[in-house]
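Coordinate inspection notes
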Amino acid sequence: MSLTGLCQICEAATAEHVCDRCGRAVCDDHWDEAAGACSGCAAGRS
Ligand SMILES: [Zn+2]
Ligand SMILES: [Zn+2]
């Protein structure tokens, strides 16, 4: 998987991280550093 491209959540910002849980490339805004996952995976899981 290439890291080059847009965030697969907002599709507006450049993806900076790849989520280990769902495999989506996400931007900084949609990356939860504490969870080590995208905001979609971090939300709803404590
Ligand atoms: Zn985003
Ligand atoms: Zn995820």
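Notes on the structure follow. (Residues numbered from 1 in each chain as written. Chains lettered and ligands numbered in written order. Predicted model: local features only at pLDDT ≥ 70, side-chain atom pairs only at ≥ 80, totals over all residues. Heavy atoms only, no water.)

1. Some remarks on the coordination of the zinc ion (ligand 2)
In this structure, Cys-19 (SG), Cys-22 (SG), Cys-38 (SG) and Cys-41 (SG) serve as the protein donors to the zinc ion (ligand 2), at separations of 2.3 to 2.4 Å. Donor residues binding the zinc ion (ligand 2) come from one chain and are separated in sequence as C-x2-C-x15-C-x2-C. One end of the pair, Cys-19, is in the loop between strand E1 (17-18) and strand E2 (25-26); the other, Cys-38, is in strand E4 (residues 37-38), and 19 residues separate them in sequence. Just as Cys-19 is buried, Cys-38 falls in that class too. (Donors = N, O, S within 2.8 Å, 3.2 Å for Na, K, Ca; no water. Helix = DSSP H or I, 4+ residues; strand = E, 2+ residues; numbered from the N terminus. Buried < 20%, exposed > 50% of the residue type's maximum accessible area, 1.4 Å probe, protein only.)

2. What to know about the nonpolar core
In terms of nonpolar packing, the biggest core is built from 8 residues, these being Cys-7, Cys-19, Val-26, Cys-27, Trp-31, Ala-37, Cys-38 and Cys-41. Contact partners of Ala-37, with chain neighbours within four places excluded, come to Cys-19, Arg-21, Trp-31 and Asp-32. (Core = buried A, V, L, I, M, F, W, Y, C linked by side-chain atoms within 4.5 Å. Contact = heavy atoms within 4.5 Å.)

3. A short note on a negative patch on the surface
The grouping of Glu-16, Asp-28, Asp-29 and Glu-33 at the surface amounts to a negative patch. Note that Asp-29 resides in the loop between E2 and strand E3 (31-32). Asp-29 gets classed as exposed once you look at its relative accessible area, which sits at 69%. (Patch = residues over 30% accessible without salt bridge, like charges linked within 9 Å, V, L, I, M, F, W, Y side chains within 5 Å. Areas by Shrake-Rupley, 256 points an atom, 1.4 Å probe, with all protein chains shown as cover. Salt bridge = Lys/Arg side-chain N within 4 Å of Asp/Glu carboxyl O. Lys, Arg positive; Asp, Glu negative; His and termini not counted. Charge placed at Lys NZ, Arg CZ, Asp CG, Glu CD.)

4. Observations regarding the coordination of the zinc ion (ligand 1)
Surrounding the zinc ion (ligand 1) are the protein donor atoms Cys-7 (SG), Cys-10 (SG), Cys-27 (SG) and His-30 (ND1), at 1.9 to 2.3 Å. Considered as a linear motif, the donors of the zinc ion (ligand 1) on their single chain read C-x2-C-x16-C-x2-H.

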